[in-house]
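# A closer look at the structure
In case you want the letters, here they are:
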Amino acid sequence: MSVTRAPETASSLQLCRLMRPDDANIVGNVHGGIILKMIEEAGCIVGTRHCNTQNGDRCLAALVRVEKTEFLCPVFIGEVAHVTADITYTSKHSLEVQVKVMAENILTGAKKLANKAALWYVPCSLKNVEKITEVPPIKYASEEKEEEGRKRYEAQKMERLETKARIEEVVPPPPSPEQHTVGFSQSSLIHLVGPSDCTLHDYVHGGVTMKLMDEVAGIVAARHCNTNIVTASVDAINFHRKIKKGCVVTVTGRLTFVSNKSMEIEVLVDASSLVQEDKGKYRAVSAFFTFISLDKENKPLPVPPLKIDGEEEQRRFEEGKARYLQSKAKRLADKERQQ
Amino acid sequence: MSVTRAPETASSLQLCRLMRPDDANIVGNVHGGIILKMIEEAGCIVGTRHCNTQNGDRCLAALVRVEKTEFLCPVFIGEVAHVTADITYTSKHSLEVQVKVMAENILTGAKKLANKAALWYVPCSLKNVEKITEVPPIKYASEEKEEEGRKRYEAQKMERLETKARIEEVVPPPPSPEQHTVGFSQSSLIHLVGPSDCTLHDYVHGGVTMKLMDEVAGIVAARHCNTNIVTASVDAINFHRKIKKGCVVTVTGRLTFVSNKSMEIEVLVDASSLVQEDKGKYRAVSAFFTFISLDKENKPLPVPPLKIDGEEEQRRFEEGKARYLQSKAKRLADKERQQ
Amino acid sequence: MSVTRAPETASSLQLCRLMRPDDANIVGNVHGGIILKMIEEAGCIVGTRHCNTQNGDRCLAALVRVEKTEFLCPVFIGEVAHVTADITYTSKHSLEVQVKVMAENILTGAKKLANKAALWYVPCSLKNVEKITEVPPIKYASEEKEEEGRKRYEAQKMERLETKARIEEVVPPPPSPEQHTVGFSQSSLIHLVGPSDCTLHDYVHGGVTMKLMDEVAGIVAARHCNTNIVTASVDAINFHRKIKKGCVVTVTGRLTFVSNKSMEIEVLVDASSLVQEDKGKYRAVSAFFTFISLDKENKPLPVPPLKIDGEEEQRRFEEGKARYLQSKAKRLADKERQQ
């Protein structure tokens, strides 16, 4: 049996990739997001290539719309996903790419259609990203094909205009806490623990957890001072409870204390199993990270003061201040001892 | 100056890695989290190796504590980080690893000390992760060294006991919304846009955004039904606004509608620049993902009904139901046309 | 202009991927290791697919040898690498895959041949990794083609037997070696093998190993000349022993020979299980990489001479020189034949 295939032209492309453990959930089903990412990579390559076949400004194809798409059957680790992309319609300033994903089991030879999608791109000039360049026309197999494409083009154009209005209307005025308060910079992320995060025991490596903690703390610090920030130190971290593969980890960071030149951020790591009902959510780790703000020459910058609201925040601020003063005293003592 | 290097033994280890664009922020400073992850990798390897030098149960070294650590100077893209790990103390059931990170600029030859850290591990049996095995003793260079190690051991033991009490005490009873409500499964992640997420224009690839959206939607779906879930379809997605490198992306997912066998999840993508103050937060993309729940044979399972609270949720539920019925009708019509 | 392409069959495959910032060094040159990894992924897919076209045990194609390969021109971020793999010879228990890498600039339409490689695989049963299954024969375009293949097969078989014997101990360099000595630039990295590095067998993909080897060789070369360096060629690589999931891989690189414009680096890969007592450390792979140093216009720069210390280094230098002269003579002969 063989994969038959039309000869590739400038307006057509095939890519394939072996599905790996990190692409899938613990049962082995490849995440839909991995398939969508491959589809878009194929569309972007074929679109960009086509738009640069004429003279004029060099440009990149930017995705503006994906039509409704269905995942027709699950894809598994060890299968090869084949993505075929073809340009199927061009207007003056946009183009449609139709993409098909076949999953091939290379052990049995079985193939199945996993997904079909249609994507719309506009070419943006490399010199000026706001400038939409012109799309070279393609040749259609028949007048019907062209007419069908035009209908799809008109339909999506209409819908994009409609939702554009809706999206801007619906967006609620962000329940914006005042700048420089604790609430303003507080941030959370969730992370689904994958195989590469884990040891042979199927528990998360401590280093993976610390990386996520630093990531959240960095975002909190950057939100507070809108500058380039770097980790200055991390307080002792105790790992009380292990985190198992397949858990969802929620990492939350909030400012506790701010001095002239540093910010202390408390980072809390909670884990919960998605599948084992019994376990519930538990606090796995917590720690204090200290960040500083740097200018372009990597010199420390002053940090905006923290606006405290309520007793809880005040208490945490005082505790943070005590830690700050203690560690400052220790640094001075160390210095003197060395002299 | 040079990287001095003792001959490597079972209780000592060196690793190095080139710092890449994705390891750093947009100004080129390597994230502290990347350094912490390397430190822990070295510690875990040297610890595991040492604990398996004796006969008995095979085991893995699990991180239980990292001492306070300072980032002494920034590390940059293109530099090589050298991590040296040595076992410096062993108790009956734990061991201390001291780690040093040197950053080397391979273009100028300059080297600088970036970090020093101390980590504590306990060996967990591979057969039974709850069983702590015994640690083979190391030889100390002198009695003083051993005595110093014992003091560090006692100090950290005390502090671990203390914080263990504190962490369990402090954890607030989670403000847990009732199971199967919208609030119960609602989830958010934040992601700092890195270079590998971007096109040559320095704007995020649409495929990267869709992957994040699917990730959040999947966590929402799994939280709602505690089973293996997969993406069944994605509604049309419009990309109204571009997302630039260095932005923080907040992706939020919430259930809007649930049928017998499917869940509709609305996913909202907001972007905000961390450095350019003027821009503010804006809605970049939104879409509806549909997930189904599967049993071990990949057969669809019934989905728990959604508990609706308030007019807003009711309105969104009705809209979701309309989309569900419309798409069901379309599928039937397509089927009939094919027959 | 179009990429013409033969229709794909079970014994042929194309894959492509957009080159991203993390695939390249700070000047934008894609690492040779990334190309080698793509080549091996294509070879593994086409080999595994072919070996499963007959009834009998399901199996995976395991890489046992890569023939000497040259990097004909640099590849840059934003280009699309197209990898074509074809099965060109089959013996009873092994098969040869020839792979071609074209780099396409999708902005200008320019295409260039970046690499040509030949890889040898043997099929290992999924049930018993030590069992080599039979390879279904391919059809040859002509008797000459088959005869040429047989000659390549005999030649590589001979060479694999020879190199199997030669394995050498790695000596750590002296503390603080002088610049431009072998010890000064010698480098090691260790890598804990994770699930995404592995096949369905839980053995490391050959491409993953080659990527690590290229990474270390690149650091050695950069340390020696403090400039932008790129992979120019890789000598034949034999994969003597498989590396299992959970192993620690130590990859060491050291300069053996330096000409006016090139550096030869020997890279040794040792694997050891952290947990299985019996296994100990073993040499899994070794190879010679050749790097050149480039200026900002990607023109070759002179390379600082290598300071030799001791008989061992002298011997390796002479052997490297012989390889260098032989390969130079071969290049000249090839050129003359083509004129």
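Along each chain, residue indices are assigned from 1 in the same order as the chain's sequence is written. The order in which chains are written sets their letters, starting at A; the order in which ligands are written sets their numbers, starting at 1. Totals for whole chains, interfaces and linings use all residues, but because this is a predicted model, local features are given only for residues with pLDDT of at least 70 and pairs of side-chain atoms are given and counted only at 80 or more. Remark: hydrogens and water are excluded; side-chain values derive from all non-hydrogen atoms of the structure.

### A few points about the interface of chain B and chain A
Size of an interface, as often reported, equals the accessible area lost when the parts are brought together. We apply this condition: The contact definition used throughout considers only heavy atoms, calling two residues in contact when any of these lie within 4.5 Å. Put simply, buried area is the surface a 1.4 Å probe can reach on two separate parts but cannot reach once they are joined, added for both. Salt bridge, as used here, is a side-chain nitrogen of Lys or Arg placed within 4 Å of a carboxyl oxygen of Asp or Glu. Polar contacts, as used here, are pairs of N or O atoms within 3.5 Å; protein pairs need one atom able to donate a hydrogen and one able to accept it. Residues neighboring in sequence count only if both atoms are side-chain atoms. Put simply, DSSP marks the helices as runs of H or I at least four residues long and the strands as runs of E at least two long, and each gets a number from the N terminus on. Throughout this entry, Asp, Glu, Lys and Arg are counted as charged residues, while Ala, Val, Leu, Ile, Met, Phe, Trp, Tyr, Cys and Pro are counted as nonpolar. The remaining residues, Gly among them, count as polar.
Taken together, the contact pairs 82 residues of chain B with 82 residues of chain A. The three residues of chain B that bury the most area against chain A are Ile190, His201 and Leu274 of chain B, which together make up 9% of that side's buried surface. At the junction of chain B with chain A, the criterion picks out two salt bridges. Put simply, Lys68 of chain B and Asp235 of chain A hold a salt bridge, and the shortest N to O gap is 3.6 Å. Put simply, chain B and chain A have 22 residue pairs in polar contact (both at pLDDT 80 or more) between them. Ranked by residue count, the leading element in the side of chain B that touches chain A is helix α4 (residues 206–225) of chain B, at nine residues. Its residues assigned to classes, the side of chain B that touches chain A shows 38 nonpolar, 27 polar and 17 charged.

### Examining the relation of the copies chain B and chain A
What counts is decided by this rule: A residue counts toward the fit only if its pLDDT is at least 70 in both copies, and the copies are then superposed by least squares on the C-alpha atoms of those residues.
For the pair chain B and chain A, the best superposition has an RMSD of 0.1 Å and corresponds to a rotation of 180 degrees with a translation of 0.0 Å parallel to the axis. The superposition of one copy onto the other is thereby described by a two-fold rotation axis. Considering only C-alpha atoms, the part of chain B nearest the rotation axis is Leu189 of chain B, at 2.0 Å. Both copies share a contact surface, since 100% of the interface residues of chain B are interface residues in chain A too.

### Observations concerning the packing of aromatic side chains
Heads up, the condition is: Aromatic contacts are taken between Phe, Tyr and Trp rings whose centres are within 6.5 Å, Trp giving its six-membered ring; a plane angle under 30 degrees counts as stacked, one over 60 as edge-to-face, and the others as tilted. Each residue is placed in one exposure class: buried if its accessible area under a 1.4 Å probe, protein chains only, is under 20% of its type's maximum, exposed if it is over 50%, and partly exposed if it falls in between. Any Lys NZ or Arg CZ that is within 6 Å of a ring centre and within 35 degrees of that ring's normal is treated as a charge sitting over the ring.
This model, assessed by the stated rule, comprises 18 aromatic pairs over all chains. Where Tyr89 of chain C meets Tyr153 of chain C, the ring centres are 5.8 Å apart and the plane angle is 35 degrees; that geometry is what we call tilted. Taken together, the residues span a long stretch of sequence, with Tyr89 of chain C in strand β4 (residues 80–90) and Tyr153 of chain C in helix α2 (residues 143–165) at a distance of 64 residues. Here Tyr89 of chain C matches Tyr153 of chain C in class, with each residue buried. Through a chain of ring-to-ring contacts, three or more aromatic side chains come together here, namely Tyr89, Trp120, Tyr140 and Tyr153 of chain A. For Arg323 of chain A, the ring lying beneath its charged end belongs to Phe288 of chain A, and the centroid distance is 3.7 Å. Seen from the ring of Tyr282 of chain B, Arg241 of chain B lies directly overhead, with NZ or CZ sitting 4.1 Å from the centre.

### Description of the domain arrangement of chain A
All names here are of chain A. For the record, the criterion: Where a domain begins and ends is set by an automatic assignment or by a domain database.
In terms of domain boundaries, chain A breaks down into domain 1 (12–160) and domain 2 (182–338). Between domain 1 and domain 2, the residue contacts involve four residues of the former and five residues of the latter. For the pair domain 1 and domain 2, the summed buried area comes to about 370 Å², and 72% of that belongs to carbon and sulfur atoms. On inspection of domain 1 and its partner domain 2, the count reaches zero salt bridges. Joining domain 1 to domain 2, the criterion identifies one residue pair in polar contact (both at pLDDT 80 or more).

### Focus: the interface of chain C and chain B
Every contact between the two is made by 30 residues of chain C and, on the other side, 37 residues of chain B. With both sides pooled, the region where chain C packs onto chain B buries about 2900 Å², and carbon together with sulfur makes up 61% of that total. One salt bridge connects Arg223 of chain C with Glu104 of chain B, and the closest N-O pair in it is separated by 2.4 Å. Along the contact surface separating chain C from chain B lie five residue pairs in polar contact (both at pLDDT 80 or more). Mapped by element, the contributors of at least two residues to the side of chain C that touches chain B are β7 (187–192) and α4 (206–225) of chain C. Ranked by residue count, the leading element in the side of chain C that touches chain B is β7 of chain C, at five residues. Partitioned by chemical class, the residues of the side of chain C that touches chain B number 16 nonpolar, nine polar and five charged.

### Regarding the pattern of salt bridges
All names here are of chain A. Under the definition given, this model contains 63 salt bridges over all chains. A salt bridge links Arg65 to Glu159, with the nearest nitrogen and oxygen atoms 3.4 Å apart. Highlighted residues: Arg65 in strand β2 (residues 59–66) and Glu159 in helix α2 (residues 143–170), separated in sequence by 94 residues. Owing to a relative accessible area of 1%, Arg65 belongs among the buried residues under this scheme.

### So, the pairing of strand β12 (residues 281–294) of chain A
Residues and elements named next belong to chain A. Selection rule: At least two DSSP bridges between two strands are required for those strands to pair.
Judged by how many residues are buried, β12 sits mostly within the fold: 11 of 14 residues are covered. In the sheet, strand β8 (residues 228–234) pairs with β12 via six bridges, with the strands oriented antiparallel. Counted as the bridge partner of Ser233 is Thr290 from β12. Sheet topology note: the strand β9 (residues 237–239)/β12 ladder contains two bridges and is antiparallel. Its bridge partner being in β12, Phe239 is matched across the sheet by Val285.

### Quick word on the packing of helix α1 (residues 32–51) of chain C against α4 of chain C
All names here are of chain C. The test is simple: Lines fitted to the C-alpha atoms define the axes, with helices restricted to the stretch that makes contact. Angles between their N-to-C directions range from 0 to 180 degrees. By the definition adopted for this analysis, an angle is roughly parallel if under 35 degrees, roughly antiparallel if over 145, roughly perpendicular if from 65 to 115, and oblique otherwise.
Closest axis-to-axis distance for the α1/α4 pair is 8 Å, and the angle between their directions is 170 degrees. The pairing of α1 with α4 is recorded here as roughly antiparallel in orientation. Facing α1, whose interface residues are Gly32, Gly33, Ile34, Leu36, Lys37 and Glu40, α4 presents Gly206, Gly207, Val208, Met210, Lys211 and Asp214.

### Remarks on helix α1 (residues 32–51) of chain B
Side chains that are three or four residues apart share a direction in an α-helix, a result of its 3.6 residues per turn. Counted only if it meets this: Given a helix with a known number of residues, its expected span is that number minus one, times 1.5 Å.
The end-to-end C-alpha separation of α1 of chain B is 28 Å, in line with the 28 Å expected for 20 residues at 1.5 Å each. Of all 20 residues that make up α1 of chain B, 18 are buried, and the element is covered over most of its length.

### Concerning the nonpolar core
Proteins that are soluble and globular tend to have nonpolar side chains buried together. All names here are of chain C. For the record, the criterion: Here, the term nonpolar core denotes a set of buried Ala, Val, Leu, Ile, Met, Phe, Trp, Tyr and Cys residues that are joined through side-chain atoms within 4.5 Å.
Core analysis: the biggest nonpolar cluster contains 86 residues, and Ile243, Val251, Met263, Ile265 and Phe289 have the highest contact counts within it. Sorting elements by how many residues they give to this core places α4 first, with 11 residues. Filtering out sequence-adjacent residues up to four positions away, Ile243 remains in contact with Val193, Asp202, Tyr203, Val204, Thr209, Val249, Val269, Ala271, Tyr282 and Ala284.

### Considerations on unusual backbone geometry
Residue and element names in this part refer to chain C. The phi torsion at His180 lies on the positive side, around 70 degrees, for a residue other than glycine. Looking at where His180 falls in the secondary structure, it is placed in the loop between α2 and α3 (182–185). You will see that Asn226, though not glycine, has its phi angle at about 55 degrees, which is positive. Secondary-structure assignment places Asn226 in the loop between α4 and β8 (228–234). What makes Asn226 partly exposed here is its relative accessible area of 23%.

### Side note on a nonpolar patch on the surface
Heads up, the rule is: Surface patches are defined over residues having more than 30% relative accessible area and no salt bridge, joining like charges when they lie within 9 Å and nonpolar side chains (Val, Leu, Ile, Met, Phe, Trp, Tyr) when within 5 Å. Areas reported as accessible are Shrake-Rupley estimates using a 1.4 Å probe. Residue values count occlusion only from the protein chains shown.
On the surface, a cluster of nonpolar side chains totalling about 280 Å² of accessible area is made up of Leu107 of chain B together with Ile26 and Val27 of chain C. Here Leu107 of chain B shows up in the loop between β5 (95–104) and β6 (111–125).

### Observations regarding helix α5 (residues 311–338) of chain B
An ideal rise of 1.5 Å per residue puts 40 Å on 28 residues; α5 of chain B measures up with 41 Å between its terminal C-alpha atoms. By the burial criterion, the buried members of α5 of chain B are Glu313, Arg316, Phe317, Gly320 and Ser327 of chain B.

### Overview of the environment of His93 of chain C
Examined against the element boundaries, His93 of chain C turns out to sit in the loop between β4 and β5 (95–104). A polar contact of 3.0 Å, which involves the side chain of His93 of chain C, links it to the backbone oxygen of Thr133 of chain C.

### So, the environment of Arg316 of chain B
Residue and element names in this part refer to chain B. On the secondary structure map, Arg316 appears in helix α5. For the pair Arg316 and Val80, spaced 236 residues apart in sequence, the C-alpha to C-alpha distance is 52 Å. Discounting chain neighbours no more than four positions away, the residues touching Arg316 are Arg254, Thr256, Glu266 and Arg323.

### Regarding the side chain of Gln14 of chain C
By the secondary structure assignment, Gln14 of chain C is in strand β1 (residues 12–18). Within the local environment of Gln14 of chain C, its side chain forms a polar contact with the side chain of Thr84 of chain C, the two groups lying 3.0 Å apart.

### What about the UniProt feature "active site" (unreviewed entry) in chain A?
Using the following cut-off: UniProt positions are given in the numbering used here, feature names are shortened, and annotations may be inferred rather than shown by experiment.
Summarizing the sequence annotation, UniProt attributes the feature "active site" (unreviewed entry) to Asn25 and Asp214 of chain A in the numbering used throughout. Judged by maximum C-alpha separation, these annotated positions cover 190 residues in sequence and are scattered in space, the widest gap reaching 25.0 Å. Locating Asn25 of chain A in the fold gives a position in the loop between β1 (12–18) and α1 (32–51). Along the chain, Asp214 of chain A falls in helix α4 (residues 206–225). Its relative accessible area of 4% is what places Asp214 of chain A among the buried residues. Each residue touching Asp214 of chain A, except ones within four places of it in the same chain, is listed here: Thr231, Phe289 and Phe291 of chain A together with His31, Gly32 and Gly33 of chain B.

### Notes on the environment of Lys111 of chain A
All names here are of chain A. Within the fold, Lys111 resides in strand β6 (residues 111–125). Looking at Lys111, the relative accessible area reads 31%, which means it is partly exposed. Sequence-wise, Lys111 and Ile308 are 197 residues apart; in three dimensions their C-alpha atoms are separated by 61 Å.

### Description of the confidence of the model for chain A
Residues and elements named next belong to chain A. Spelled out, the test is: For every residue, the predictor states its confidence as a pLDDT score lying anywhere from 0 to 100.
Summary statistics for chain A give a mean pLDDT of 88 and a share of 92% for residues scoring 70 or more. The lowest-confidence element of chain A is α2, averaging 83 in pLDDT; the highest-confidence one is strand β5 (residues 95–104), averaging 96. Taken together, the stretch residues 1–7 has pLDDT below 50 and engages in 18 contacts with residues farther than four places along the chain or on a different chain.

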